[in-house]
Amino acid sequence: MSPAHPPQDVDVIVVGGGPAGSTVAAAVALHGHRVLLVEKETFPRYQIGESLLPSTVHGVCRILGVEDEMARAGFKPKRGGTFRWGRNRDPWQFSFALSPRLADPTSFAYQVERSRFDAILLDNARRVGVDVREGCRVTGVLADEERVRGVRWTGPDGEIREARARYVVDASGNGSRIHPHVGGKRIHSDFFRNIAVFGYFAGGARLPAPNDGNIFCAAFDEGWIWYIPLRDDLTSVGAVVARDNAEAVQGDPATAWRRLIDACPEIRDLLDGVPQATEAPYDQVRVRKDWSYWKSQLWRPGMALVGDAACFVDPVLSSGVHLATYGGLLAARSLNGCLAGTLDEDRLFAEFEARYRHEYSLFHEFLVSFYDMHQDERSYFWKARKVTHIGTTELEAFVELVGGLASGDASLTGAGPAGERLTAVADDFERAVRRLPDADDLRNPLYESQTFRQVFQEGTVLQERGLFGGPLEDEAPQRPGGLVASEDGLSWVEP
């Protein structure tokens, strides 16, 4: 069927209005380019993933101009995370005080209701000039042998429309139907192929101040549970378990959810006597396949992937929104450069892909080590998540992700070296956690771990850019021949 309207011509089409899509759309519009954003739902809408990292709040949100609005929204501040994880049975703290170079006021993030947070970002995109179309579904990609040229979409009235642009960005999430146009199928991680069942309580006990806003993650025999204090009268609680539990969880999610909470004393006690939430949309118990994945390519001429359309990694470190907004910002830098004609398209998007893969790989590698440090030889779940039990295929995929395509580490030439690397990372972080009980207020052993510092290095740069207008030290390219961010953080320049 032919479109009922003449094609709309813009510079960039963004598919999806979540954090990744709103970020890339606003960042491109801020450079004066014409952006169309097509979102299938009407905001505000429910979404999981409520725990942010400081790099999003003080880096990306400040660059986009919404940090003050975030502060006014009344979201619950969080100064880090609390974990009952590892050999020590006592909970330990994960602090966001990343660096003495960063002022203490930025050493926090927020627990957010995603319906409100996502609406703030989408409204900001609209405010800076993005043509936002809600309630519209993209049904196809317009492409020829050379490149992607646009999309076909259906409006709320059911009429078919077409839009053409120099670039299309797929930010339509893990349910994306157009991501196969870049890099084919997703590569799934067997190590992180879990299932999550989650819901909400109308309150719950809080950790002692100043950690009362922390996410609390507790490991138990069957997996681990998150506990996120969204408001005084609302707490997000979810259990991550092996995919072998899928039939029982999907058959009766509410019963499975309650049983798993009761199996974890640390979480059960925080919810003693607290009723389940009854306000919509928090009155439902939901199930999600918590599978980690990435793509063999993140861009092709005319199209790029960001957010969960591009990759997803286990949520224990609250990295989802960070990777989405960071990927959106990286893509915007490349798009702005291409549209301005400052540098070659291949070079600009090679920078986008290399940096995005590198950031994802750091979290992936660290999370493998994070799982490995929890010792519970009685548990099938935890036995299966030891570095020594990772299959050869999974390690080969890790080599492709981390070595050949991300960090450029030539030492990762096979599954054996990759396994040794992961074991070393796990040992490095576990040693740091063991030193926590003996630490004083002037020294955080976690930041003495090379692995930990590397994972949050780019987040620190984003915070410095947001707070001081740029990194405190001259930014070096991440790889030979690479580029660095411009002064406003919205494009790439020669170093």
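The following paragraphs examine the structure supplied in this document. (Residues numbered from 1 in each chain as written. Predicted model: local features only at pLDDT ≥ 70, side-chain atom pairs only at ≥ 80, totals over all residues. Heavy atoms only, no water.)

1. A few points about the packing of helix 8 (residues 320-340) against helix 14 (residues 457-468)
In the contact formed by helix 8 and helix 14, the axes pass within 12 Å of each other and the chain directions differ by 65 degrees. Considered as vectors, helix 8 and helix 14 are oriented roughly perpendicular to each other. The handedness of the crossing between helix 8 and helix 14 is left-handed. For the pair helix 8 and helix 14, contact is made by H322, Y326, L329 and R333 and by E458, L462 and R465, respectively. Across the contact of helix 8 with helix 14, the residue classes break down as three nonpolar, one polar and three charged. (Axes fitted to C-alpha atoms, helices over the stretch in contact; angles between N-to-C directions. Helix = DSSP H or I, 4+ residues; strand = E, 2+ residues; numbered from the N terminus. Parallel < 35°, antiparallel > 145°, perpendicular 65-115°, else oblique. Left-handed = near helix turned anticlockwise from the far one by under 90°. Contact = heavy atoms within 4.5 Å. Nonpolar A, V, L, I, M, F, W, Y, C, P; charged D, E, K, R; others polar.)

2. Some thoughts on the pairing of strand 9 (residues 137-143)
Note that strand 9 and strand 10 (residues 148-154) share six bridges and pair antiparallel. Paired with V138 across the two strands is W153, which belongs to strand 10. Taking the residues between adjacent antiparallel strands as the criterion, strand 9 and strand 10 are bridged by four residues. (Pairing = 2+ DSSP bridges.)

3. Observations concerning the environment of R347
Considering the arrangement of structural elements, one finds R347 in helix 9 (residues 345-372). Note on R347: relative accessible area 28%, which makes it partly exposed. Measuring from C-alpha to C-alpha, the distance between R347 and G482 comes to 8.3 Å, with 135 residues separating the pair along the chain. A polar side-chain atom of R347 sits 2.6 Å from a polar atom in the side chain of E494. (Buried < 20%, exposed > 50% of the residue type's maximum accessible area, 1.4 Å probe, protein only. Polar contact = N/O pair within 3.5 Å; in protein donor to acceptor, adjacent residues only side chain to side chain.)

4. Concerning the packing of aromatic side chains
Following the criterion strictly, the structure yields 39 aromatic pairs and no others. With centroids separated by 5.8 Å and ring planes inclined at 80 degrees, the aromatic side chains of W85 and Y371 adopt a geometry described as edge-to-face. In this pair, W85 sits in the loop between strand 5 (80-84) and strand 6 (92-95) while Y371 sits in helix 9, placing the two residues 286 residues apart along the sequence. Here W85 and Y371 have matching classes, each one buried. For R288, the ring lying beneath its charged end belongs to F312, and the centroid distance is 4.8 Å. (Phe/Tyr/Trp six-rings, centres within 6.5 Å; stacked < 30°, edge-to-face > 60°. Lys NZ or Arg CZ within 6 Å of the ring centre and 35° of its normal.)

5. Let's talk about the nonpolar core
In this structure, W85, W92, W226, V316, F352 and Y371 are the most contacted members of the largest nonpolar core, which totals 138 residues. Sort the elements by how many residues they give to this core and helix 9 lands first, with twelve residues. Once residues within four sequence positions are removed from consideration, V316 is found in contact with F83, W85, C217, W224, L367, F370 and Y371. Core analysis: the second largest hydrophobic core is formed by 24 residues, F216, I225, A239 and V249 among them. (Core = buried A, V, L, I, M, F, W, Y, C linked by side-chain atoms within 4.5 Å.)

6. Considering helix 14
For helix 14, with twelve residues, the first-to-last C-alpha span of 16 Å sits near the 16 Å given by 1.5 Å per residue. Among the twelve residues in helix 14, nine count as buried, and that is most of the element. Restricting attention to buried positions, one finds in helix 14 the residues E458, G459, T460, V461, L462, Q463, E464, R465 and G466. Looking at the buried positions of helix 14, the neighbouring elements they touch are helix 2 (54-64), helix 8, helix 9 and strand 22 (484-485). Following helix 14 by one or two positions, G469 adopts a phi angle in the positive range, close to 85 degrees. (Expected span 1.5 Å × (residues − 1).)

7. Re unusual backbone geometry
Here the bond from A209 into P210 is cis, since omega is 10 degrees, no more than 30 degrees from zero. If you trace the backbone, P210 turns up in the loop between strand 14 (194-201) and strand 15 (215-220). The omega torsion across A280 and P281 is 5 degrees, close enough to zero to call that bond cis. Positive phi values are uncommon outside glycine, yet S318 reaches one of about 60 degrees. The residue S318 is located in the loop between strand 21 (303-305) and helix 8 in this model.

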